[in-house]
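Chain by chain, the residues run as shown.
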Amino acid sequence: MTATEISTSFATAHRPLVIEFHEGDRTMADLLGGKGAGLAEMTRLGLPVPPGFIVTTEACRAYLAAGGDPEGLWDQVDAALADLEERSGLVLGDPARPLLVSVRSGAKFSMPGMMETVLDIGLNDAVVAALAERGESHFAWDSYRRLAQMYGRTVLGVEGSRFDDLLTRARAHAGVGTDAELDDAHLQQLAADFRALIVAETGQELPQDAGTQLREAVRAVFRSWNGERARLYRAHEGIPDDLGTAVNVVQMVFGNRGDRSGSGVCFTRDPVTGAPGAFGDYLPDAQGEDVVSGVRSPMDLSELHRRDPEIHAELSRHLRSLETHYRDLCDVEFTVERGRLWILQTRLGKRSPAAAFRIAVELADEGVIDLDEALTRVNGHQLTTLLHPSFQAAAAAPLAGGLAASPGAAVGQLVFDAATAMEWAGLGRSVVLARPETSPDDFGGMLAAKAVITSRGGLTSHAAVVARGLGKTCVTGIEKMVVDPAARTATFHGSRVLTEGTVVSVDGSTGELFEGSREIQASVVATAIQETSAGGPVGRPEDPTARGVLRLLEQADKRRTMGVRANAETPEEARTARRYGAEGIGLCRTEHMLMGPRRQLVERVVTDDDAAGALAEIEALALDEFTTLLTVMEGLPVVVRLLDPPLHEFLPDLVDLSVSAAVAAAKGEPEDPVAEQRLAAVRRLHEANPMLGLRGVRLLLVHPEVAQVQVRALAEAVSRLLEEGRNVRPELMLPLVAEVAELEAARGRVETVIAEVGARHGRTLDIPIGVMIELPRAALTADALAAHADFFSFGTNDLTQTTWGISRDDAEASFLAAYREQGIISADPFQTLDEVGVGALVRLAVEKGRATRSGLELGVCGEHAGDPTSIGFFAKAGIDYLSCSPPRVPVARLEAGRQAVLRSAGALPTSDTR
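Residues numbered from 1 in each chain as written. Predicted model: local features only at pLDDT ≥ 70, side-chain atom pairs only at ≥ 80, totals over all residues. Heavy atoms only, no water.

> Please clarify how the overall build of the chain should be interpreted in this entry.
Regarding its fold elements, the chain presents 36 helices and 33 strands. Over its C-alpha atoms the chain spans a radius of gyration of 33 Å, differing by no more than 12% from the 29 Å that the globule rule assigns to 914 residues. With the C-alpha coordinates aligned to their principal axes, the bounding extent of the chain is approximately 105 × 70 × 55 Å. Sorting the 914 residues of the chain into buried and exposed places 55% on the buried side. Expressed as a percentage of contacts within the chain between residues at least 6 apart in sequence, the contacts between residues at least 24 apart total 67%. Summing over all exposed atoms, the chain offers an accessible surface of approximately 36,000 Å²; the carbon and sulfur share of this is 50%. (Helix = DSSP H or I, 4+ residues; strand = E, 2+ residues; numbered from the N terminus. Rg over C-alpha atoms; globule rule 2.2 N^0.38 Å. Buried < 20%, exposed > 50% of the residue type's maximum accessible area, 1.4 Å probe, protein only. Contact = heavy atoms within 4.5 Å. Areas by Shrake-Rupley, 256 points an atom, 1.4 Å probe, with all protein chains shown as cover.)

Here is the structure:
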């Protein structure tokens, strides 16, 4: 069957269950999984790939749906196996010509270490004996104990730590430090101990029939798709649960077959910094699992060059071919068996956020891709991590050093297992997870931790790869650190002991670990962005990542169709917003002018305690602040939202006042008229559910005093600045509007005040008046509201609260976290927009509003406007501008441009940047 015929079959309801490598290609990742598609593509390119076949994702889905083998699966497997045996000249289970195979998972999207693998399938007592007789005793017993260990854990469910304990005991008995140093006798005994453990734990023997081993291993890989760590990883990465995994059955090649053998993992460029040139780890006389598991600290690729320059040169040629073919950073696994190189896997390499920007721009500079495609190779989530601060220069020497596996800076309390990391993080503590090496079982703890440190492992170990994908700070291979999870201690240099809870600082950019908390400084990228004026020429900072970010931000600004503004109230916030490239203020919350000690001004108004004087002070303060804010943002729009929060936020607590009055009465103290007046006013205004009560436009209509003086102050500031010849562009926004009559009445009052101020200055003031869409009824009646509004701005925070009927302040602590754990929701709706519910209201309001007023300007000012995932929705919905907190402005700029490129291309990015 040709690749074209298979692709056609792939589009039908009856997809093939088994496909051989030479029958597929890279376009078939849905069916073959990412790993299988890579193996097929490399085979097609003529690279030295061991032969094999792929049990497709269709087979996995059918197996999981039916709870058993799909019809015809094993007939197709047997046929593919027979073809493999014919081409290799070997036979599965035959002692004279033994074919050994690996059984590996391979989902469409890379899920490193989250599912299962079984190596050395086909070994049994007879095969091992035959290999030993031919002079390969050490290799035979080493491979047999590996099969027993992996089959027992993966297929039969024996706890992995039980095998680890026996392995540790064997090393201690032999007096050696690594598995590779165990002699034939110890390996033979270890294989026997592993098999005895399997019988003791399961009542079953390690199967001697090679066919049984193969079938059960395939089924185990299918089942691992729904394993806890795989489900947790998919939920975090946004990978659908219904994809299933393919299973790759590949002829084994052995890196543990003597001095001219070894295994490695490498990248075509540095996945941490993005620097060009091959980068990776190599372990002589080892299988690939030894490299990625971190049980032995690997060597740099230069060791392969020293040992075998010809193999190193051949590997380098293949790496260049793969990067040229895939036009991106490639992650490659390889094995050298007795001086022969085999390429076992390639995929688009996971990279740190810093590397992502550098690689994308340098590939564009090299002419491999254009800047538009480079923009699709990065995303706002990655930029967010680069804007985080880093440590200042260390005043003290580091406690220890290791490999800089994933950049960043983090401070937290030491914990030694995943469960504690998750528990403490749930209590609001910052934690650093310390392990000898991590395994897929540690994923939950890695997700919860601020940083991960390991005593063993290299730059391609499990800890390093997963941490980079998560954007977590990570240092691996800290050889001077001994982690004892049972004792809950980490010992450094043999003497310095840190117990659980000790605060440490981890620098993932230098690989250094410090005791205690270190000072933090702004990121190089954030500084570079702020130093480059919006719309001006891009500078050339020394840091290559910062250069990459600036180039792609410039490209994003050229391509995006959505404007980007900031939520800001103070002059400093406004200046920061402009430095980050904001094109105006989309939300100036006037209530922030009345918080803190100024609250008593509102209280004086409400209690009639010198209300006139208090209003005069509020107006004077507002005039000063609006004048400064408009001056800082000269030439750019500034949307001022009138008072929105409930009145109770500005008043004394009713319970406190009532208790004070009761105590005074009980003591027989004389009545205090002022206190009684305050208590009466607070009682009169008290609400059982103030978030759904007297606030927003309702407050303007019922108690107009404060809002009116703020409008007067804004109009006065505008008039004075216009008289000075300044270009100011104020806009007014009415919050919490639910009914068109409310809008008409409120707009009338506001326009009256603006007209009075303008007349006093002899001019007509043009201040657009818009509506904040933050209630479902506002969205449903947007056509009527648009007839009386100059613009809409979606307050998605309150729109989410009122659509879901839950409190943003209380829901996360009470039940949202549990909902995510139970799979009821996939994301916090206050962080990532709920497209099905809230998003439907946004789309409806856009459609209705523009049906009434075609040129209606539409903005989003909730925190969703700075969320990269949500920005994609807003782009499709037809939003004109986003308004987010100042530090998130670059993220919104980048993501808005990226979304514009993706829409114009009509396709998803070619690179998996998960």
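What follows continues from the structure just given.
> I would appreciate a short explanation of the pairing of strand S27 (residues 585-589) in the present structure.
The side chains of a regular strand alternate, residue by residue, between the two faces of the sheet. Where burial is concerned, most of S27 is hidden: four out of the five residues are buried. Where S27 and strand S28 (residues 637-641) come together, three bridges link them in parallel fashion. Paired with Ile-585 across the bridge in S28 is Val-638. (Pairing = 2+ DSSP bridges.)

> Would you mind showing me how to read unusual backbone geometry here?
Residues other than glycine predominantly adopt negative phi, and peptide bonds predominantly adopt the trans conformation. Phi at Asp-120 takes a positive value of approximately 65°, unusual for a residue other than glycine. Mapped onto the secondary structure, Asp-120 falls in strand S6 (residues 117-121). Backbone geometry at His-493 places phi at a positive 55°, although glycine is not the residue there. With respect to the element layout, His-493 can be found in the loop between strand S21 (489-492) and strand S22 (496-499).

> What exactly am I supposed to notice about the nonpolar core here?
Grouped burial of nonpolar side chains is what soluble globular proteins tend to show. Core analysis: the biggest nonpolar cluster contains 197 residues, and Leu-214, Leu-732 and Phe-792 have the highest contact counts within it. It is helix H14 (residues 353-365) that contributes the most residues to this core, nine residues altogether. Here Leu-732 is in contact with Val-640, Leu-642, Val-711, Leu-714, Val-750, Ile-754, Ile-767, Pro-768, Ile-769, Gly-770 and Phe-791, once residues within four sequence places are set aside. Leu-32, Cys-266, Leu-322 and Phe-334 belong to the second largest nonpolar core, which has 30 residues in total. (Core = buried A, V, L, I, M, F, W, Y, C linked by side-chain atoms within 4.5 Å.)

> Looking at this model, I keep getting lost on the sheet that holds strand S30 (residues 769-773). Mind explaining?
Each strand in a sheet pairs with its neighbour through backbone hydrogen bonds, running either in the same direction (parallel) or in the opposite one (antiparallel). Around the barrel, which closes on itself, the eight strands sit in the order S26-S27-S28-S29-S30-S31-S32-S33 with parallel pairing between neighbours. On average, each strand axis in the sheet is tilted by 30° relative to the strand beside it, whichever way the strands run. Against the sheet, helix H34 (residues 838-852) touches strand S31 (791-794) and strand S32 (857-860), its axis set at about 180° to S31. (Axes fitted to C-alpha atoms, helices over the stretch in contact; angles between N-to-C directions.)

> Please explain the packing of helix H6 (residues 137-154) against helix H7 (residues 160-174) as it appears in this structure.
Two packed helices can be described by the angle between their axes and the distance between those axes. Two elements in contact, H6 and H7, have axes whose closest approach is 9 Å; the angle formed by their N-to-C orientations is 155°. When the axis of H6 is compared with that of H7, the two are roughly antiparallel. Contacts from Arg-145, Ala-148, Gln-149, Gly-152 and Arg-153 in H6 reach Gly-160, Phe-163, Asp-164 and Leu-167 in H7. Split by residue class, the contact of H6 with H7 holds three nonpolar, three polar and three charged. (Parallel < 35°, antiparallel > 145°, perpendicular 65-115°, else oblique. Nonpolar A, V, L, I, M, F, W, Y, C, P; charged D, E, K, R; others polar.)

> What should I look at first to understand a nonpolar patch on the surface in this one?
Judged by side-chain polarity, Val-655, Val-659 and Val-663 come together as a nonpolar surface patch covering roughly 250 Å² of accessible area. Following the sequence through the fold, Val-659 ends up in helix H25 (residues 654-666). A relative accessible area of 47% means that Val-659 is categorised as partly exposed. (Patch = residues over 30% accessible without salt bridge, like charges linked within 9 Å, V, L, I, M, F, W, Y side chains within 5 Å. Salt bridge = Lys/Arg side-chain N within 4 Å of Asp/Glu carboxyl O.)

> Quick question: what am I supposed to make of the environment of Gly-584 here?
With respect to the element layout, Gly-584 can be found in the loop between helix H22 (571-579) and S27. Residue Gly-584 is classed as buried on the basis of its relative accessible area, which comes to 0%. A C-alpha to C-alpha distance of 29 Å links Gly-584 and Ile-520, two positions 64 residues apart in sequence. With near-sequence residues (within four places) excluded, Gly-584 lies in contact with Val-564, Arg-565, Ala-566, Met-633, Leu-636 and Pro-637.

> Would you mind showing me how to read the sheet that holds strand S14 (residues 400-401) here?
Overall, mixed pairing links the eight strands, which are arranged S14-S24-S23-S16-S17-S18-S19-S15 in an open sheet. Looking at which strands have only one partner, the edges of the open sheet turn out to be S14 and strand S15 (403-406). Against the sheet, helix H17 (residues 418-426) makes contact with strand S16 (409-415) and strand S17 (431-435), and its axis sits at roughly 115° relative to S16, the strand it touches most.

> Whenever I open this one, the confidence of the model for the chain confuses me. Can you help?
It should be kept in mind that the predicted coordinates are not to be read in detail where pLDDT is low. When pLDDT is averaged across the chain, the result is 89; 93% of the residues are at 70 or more. Confidence drops under pLDDT 50 across residues 1-13; counting only partners more than four residues distant or on other chains, this segment forms 17 contacts. Ignoring residues within four places in sequence, the model shows residues 907-914, a span with pLDDT below 50, making 27 contacts including any to other chains. (pLDDT = per-residue confidence, 0-100.)

> Quick question: what am I supposed to make of the pattern of salt bridges here?
Charged atoms that come close allow side chains of opposite charge to pair. Evaluated as defined, the whole model comprises 64 salt bridges. Its salt-bridge partner being Arg-146, residue Asp-142 comes within 3.3 Å of it at the nearest N-O pair. Here the residue Asp-142 and the residue Arg-146 both occupy positions in helix H6, the gap between them amounting to four residues, near one helical turn. For the pair Asp-142 and Arg-146, one class covers both residues: buried. For Arg-850, the salt bridge goes to Asp-880, with nearest N and O atoms at 2.7 Å. Of this pair, Arg-850 sits in helix H34 while Asp-880 sits in the loop between helix H35 (868-877) and strand S33 (881-884); the two residues are 30 residues apart in sequence, bridging distant segments of the chain. Residue Arg-850 is classed as partly exposed on the basis of its relative accessible area of 24%. Salt bridges sharing partners connect three or more residues here, namely Asp-142, Arg-145, Arg-146, Arg-171 and Asp-179.

> It is not clear to me how the pairing of strand S5 (residues 101-107) should be interpreted in this structure. Could you clarify?
Among the seven residues that make up S5, seven are buried, leaving the element largely enclosed by the rest of the structure. Pairing between S5 and S6: three bridges, direction antiparallel. Bridge pairing in S6 links Val-101 to Ile-121. Bridging between S5 and strand S7 (residues 245-251) involves seven bridges; their strand directions are antiparallel.

> Which parts of the structure should I look at to understand the packing of aromatic side chains?
Within this structure, the stated rule accounts for seven aromatic pairs. Measuring from centroid to centroid gives 6.0 Å for Trp-141 and Tyr-144, while their planes differ by 45°, and the two rings are tilted. Taken together, the residues Trp-141 and Tyr-144, both in helix H6 and three residues apart, mark about one turn of the helix. For Trp-141, a relative accessible area of 16% translates into the label buried. With a centroid separation of 5.1 Å and an interplanar angle of 55°, the aromatic rings of Tyr-233 and Phe-443 are classed as tilted. Within this pair, whereas Tyr-233 is found in helix H10 (residues 228-237), its partner Phe-443 is found in helix H18 (residues 443-448), the two being separated by 210 residues in sequence. You'll find Tyr-233 and Phe-443 in the same group, each marked buried. Taking NZ or CZ as reference, Arg-234 lies 3.9 Å from the ring centre of Trp-225, over its face. Directly above the aromatic system of Trp-424 lies the positively charged group of Arg-429, at a separation of 4.5 Å from the ring centroid. (Phe/Tyr/Trp six-rings, centres within 6.5 Å; stacked < 30°, edge-to-face > 60°. Lys NZ or Arg CZ within 6 Å of the ring centre and 35° of its normal.)

> Honestly, H14 in this entry has me stumped. Any pointers?
Because an α-helix packs 3.6 residues into every turn, residues spaced three or four apart end up facing the same way. The end-to-end C-alpha separation of H14 is 19 Å, in line with the 18 Å expected for 13 residues at 1.5 Å each. Those residues of H14 that sit buried are Pro-353, Ala-354, Ala-355, Ala-356, Phe-357, Arg-358, Ile-359, Ala-360, Val-361, Glu-362, Leu-363 and Ala-364. The positive-phi residue at the C-terminal boundary of H14 is Gly-367, with phi of around 80°. (Expected span 1.5 Å × (residues − 1).)

> Hey, could you run me through helix H29 (residues 740-761) in this one?
Taking 1.5 Å per residue, 22 residues should reach 32 Å; H29 reaches 31 Å between its end C-alpha atoms and fits that length. The complete set of buried residues in H29 reads Glu-742, Leu-743, Ala-746, Arg-747, Val-750, Val-753, Ile-754, Val-757 and Gly-758. Seen end-on, H29 carries its buried residues on one side only, within an arc spanning 135°. Among the exposed residues of H29, those oriented more than 90 degrees off its buried face are Ala-759 and Arg-760. Taken together, the buried residues of H29 touch helix H27 (697-702), helix H28 (705-723), strand S29 (729-734), S30 and helix H31 (782-786). (Arc of directions from axis to C-beta.)

> Can you help me understand the environment of Val-415 in this one?
Examined against the element boundaries, Val-415 turns out to sit in strand S16. Relative accessible area serves as the criterion here: at 0%, Val-415 is assigned to the buried category. Through-space distance from the C-alpha of Val-415 to that of Glu-71 is 48 Å; in sequence the pair is 344 residues apart. Dropping the residues within four chain positions of it, Val-415 is found in contact with Thr-420, Ala-421, Trp-424, Val-431, Val-432, Leu-433, Ala-434 and Glu-500.

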